[in-house]
Amino acid sequence: MSNQTLSMTPAINDYLHETGFREHPVLKELREATRNHPFIAMQIAPEQGALMQLLVGLTGARRCIEVGTFTGYSALATALALPDDGQLICCDVSEEWTAIGKPFWAKAGMDHKIDLRIAPGMETLNSLSDEAGTFDWAFIDADKENYPDYYEKSLALVRAGGLILIDNALWAGGVVDPQSEESKIIDRLNRLIFSDKRVEMVLLPLGDGLLIARKN
């Protein structure tokens, strides 16, 4: 038993990657293909992808939104857990980065579930206003300055009981004593959600911090 989270050592991290989750082989291929990308830090940890897949199954999610797709690992992880007629709308501004993931989506047979929309995130979210309350899930992992707006819009779009997941919620520890503009924005959002009676929430020290909010 322990009253606090275990510190992650390289040996424990290796053990976790060996025994802690089952990574689809195409997910692993995509992760390897992104390994040397100059912005590799933007990719979620594979254990986070596994948790997201488990949550998709537990909630029975069928319609999902992702704001910030990068090279498509989180999108593929989510799509793999969706039913065959499920849909994931991916919002991103980079055709170059998302193009890396597209062949892997197709290889895994998941490309029919993924609707990639290249445009600013808020533009795509606003275009979905008529579908408010019909989505099961939203994952936010994009430009930090718009995190508060992404949260509010996602809250409107997901149904009661739906989930909103926010990545980088600990910002490498920067939220403890916020100095950068990004850490200040994330800290304010964390505190806003902590006090937001519209949701239940938990902030987990997974990856760079994963905040999970469930809409009441």
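None of these values were measured; they are calculated from a predicted model.

**Q** Whenever I open this one, the overall build of the chain confuses me. Can you help?
**A** When helices and strands are tallied, the chain shows 8 helices and 7 strands. In terms of overall size, the chain behaves like a compact globule, its C-alpha atoms giving a radius of gyration of 17 Å where 216 residues would be expected to give roughly 17 Å. Taken over the C-alpha atoms alone, the chain extends approximately 45 × 40 × 35 Å along its principal axes. The buried share among the 216 residues of the chain stands at 46%. When contacts within the chain are restricted to residue pairs at least 6 apart in sequence, those whose partners lie at least 24 apart make up 69%. Accessible surface, the chain: about 10,900 Å² in total, of which carbon and sulfur atoms supply 55%. Seen as two clouds, the 20 positive and the 31 negative side-chain charges of the chain have centres 5 Å apart.

**Q** Explain the packing of aromatic side chains here, please?
**A** The description of two aromatic rings rests on the distance between their centres and on the angle between their planes. The final tally for this structure, using the stated rule, is 2 aromatic pairs. Between Phe-39 and Trp-97, the ring centres sit 5.3 Å apart and the planes meet at 45 degrees, which makes this aromatic pair tilted. With Phe-39 in the loop between helix H2 (25-34) and helix H3 (46-59) and Trp-97 in helix H5 (residues 95-107), the pair connects residues that are 58 residues apart, well separated along the chain. Taking the relative accessible area as the measure of exposure, Phe-39 reaches 44% and is therefore partly exposed. An angle of 85 degrees between the planes, with centres 5.4 Å apart, marks the rings of Phe-70 and Trp-97 as edge-to-face. Of this pair, Phe-70 sits in the loop between strand S1 (63-67) and helix H4 (73-81) while Trp-97 is found in helix H5, placing the two residues 27 residues apart along the sequence. By way of ring pairs, the aromatic residues Phe-39, Phe-70 and Trp-97 are connected into one cluster. The lysine or arginine in question, Arg-63, covers the ring of Phe-135, its NZ or CZ lying 4.1 Å from the ring centre.

**Q** In this structure, what is going on with unusual backbone geometry? I would like to understand it.
**A** Most of the time, phi is negative for any residue but glycine, and the peptide bond is trans. In the Ramachandran plot, Asn-168 falls in the positive-phi region, its phi being about 60 degrees despite a non-glycine side chain. Phi at Ala-172 is positive, roughly 55 degrees, even though this residue is not glycine. Here Ala-172 is to be found in the loop between strand S5 (158-167) and helix H8 (181-195).

**Q** How should the pattern of salt bridges be read in this particular structure?
**A** Side-chain pairs of opposite charge can arise where the charged atoms are in close proximity. Under the counting rule described, the total for this entry stands at 13 salt bridges. Note that Arg-117 and Asp-115 form a salt bridge whose closest N and O atoms lie 2.8 Å from each other. Residue classification places Arg-117 among the partly exposed positions, given a relative accessible area of 29%. Judged by relative accessible area, Asp-115 falls into the partly exposed class, the value being 24%.

**Q** So what exactly am I meant to see when it comes to H5 here?
**A** Since the α-helix packs 3.6 residues into each turn, any two residues three or four apart lie on the same face. Over its 13 residues, H5 extends 19 Å from the first C-alpha to the last, a length consistent with the 18 Å expected when each residue adds 1.5 Å. Within H5, the axis deviates most sharply at Gly-101, by approximately 30 degrees, and proline Pro-103 lies no more than four positions further along. Along H5, the residues classified as buried are Thr-98, Gly-101, Phe-104 and Trp-105. Against the buried residues of H5 lie H2, H4, strand S2 (87-92) and strand S3 (114-118).

**Q** Can you walk me through H2 in this structure?
**A** For H2, the set of buried residues is Val-26, Leu-27, Leu-30, Arg-31 and Thr-34. All buried residues of H2 lie within an arc of 145 degrees about the axis, which places them on one face of the element. Buried residues belonging to H2 abut H3, H4 and H5.

**Q** What exactly am I supposed to notice about the environment of Gln-43 here?
**A** Relative to the helices and strands, Gln-43 resides in the loop between H2 and H3. Through-space distance from the C-alpha of Gln-43 to that of Gly-72 is 8.5 Å; in sequence the pair is 29 residues apart. Separated by 3.5 Å, the side chains of Gln-43 and Thr-34 make a polar contact.

**Q** What exactly am I supposed to notice about the sheet that holds strand S6 (residues 199-204) here?
**A** Pairing between the strands of a sheet is mediated by backbone hydrogen bonds and can be parallel or antiparallel. Taken together, the 7 strands give an open sheet; going across it, the order is S3-S2-S1-S4-S5-S7-S6, and neighbouring strands pair in mixed fashion. Every interior strand has two partners, whereas the edge strands, S3 and S6, have only one. Neighbour-to-neighbour, the strand axes of the sheet open up by a mean angle of 15 degrees, direction not taken into account. Inspection of the sheet shows S2 paired to S3 by 5 bridges, in the parallel sense. In the sheet register, Ile-89 faces S3, and the bridge partner there is Asp-115. Sheet strands in contact with H5 are S2 and S3, and its direction is about 165 degrees off that of S3.

The rules we used
Residues numbered from 1 in each chain as written. Predicted model: local features only at pLDDT ≥ 70, side-chain atom pairs only at ≥ 80, totals over all residues. Heavy atoms only, no water. Helix = DSSP H or I, 4+ residues; strand = E, 2+ residues; numbered from the N terminus. Rg over C-alpha atoms; globule rule 2.2 N^0.38 Å. Buried < 20%, exposed > 50% of the residue type's maximum accessible area, 1.4 Å probe, protein only. Contact = heavy atoms within 4.5 Å. Areas by Shrake-Rupley, 256 points an atom, 1.4 Å probe, with all protein chains shown as cover. Lys, Arg positive; Asp, Glu negative; His and termini not counted. Charge placed at Lys NZ, Arg CZ, Asp CG, Glu CD. Phe/Tyr/Trp six-rings, centres within 6.5 Å; stacked < 30°, edge-to-face > 60°. Lys NZ or Arg CZ within 6 Å of the ring centre and 35° of its normal. Salt bridge = Lys/Arg side-chain N within 4 Å of Asp/Glu carboxyl O. Expected span 1.5 Å × (residues − 1). Bend = angle between axes of the 7 residues up to and from the residue. Arc of directions from axis to C-beta. Polar contact = N/O pair within 3.5 Å; in protein donor to acceptor, adjacent residues only side chain to side chain. Pairing = 2+ DSSP bridges. Axes fitted to C-alpha atoms, helices over the stretch in contact; angles between N-to-C directions.

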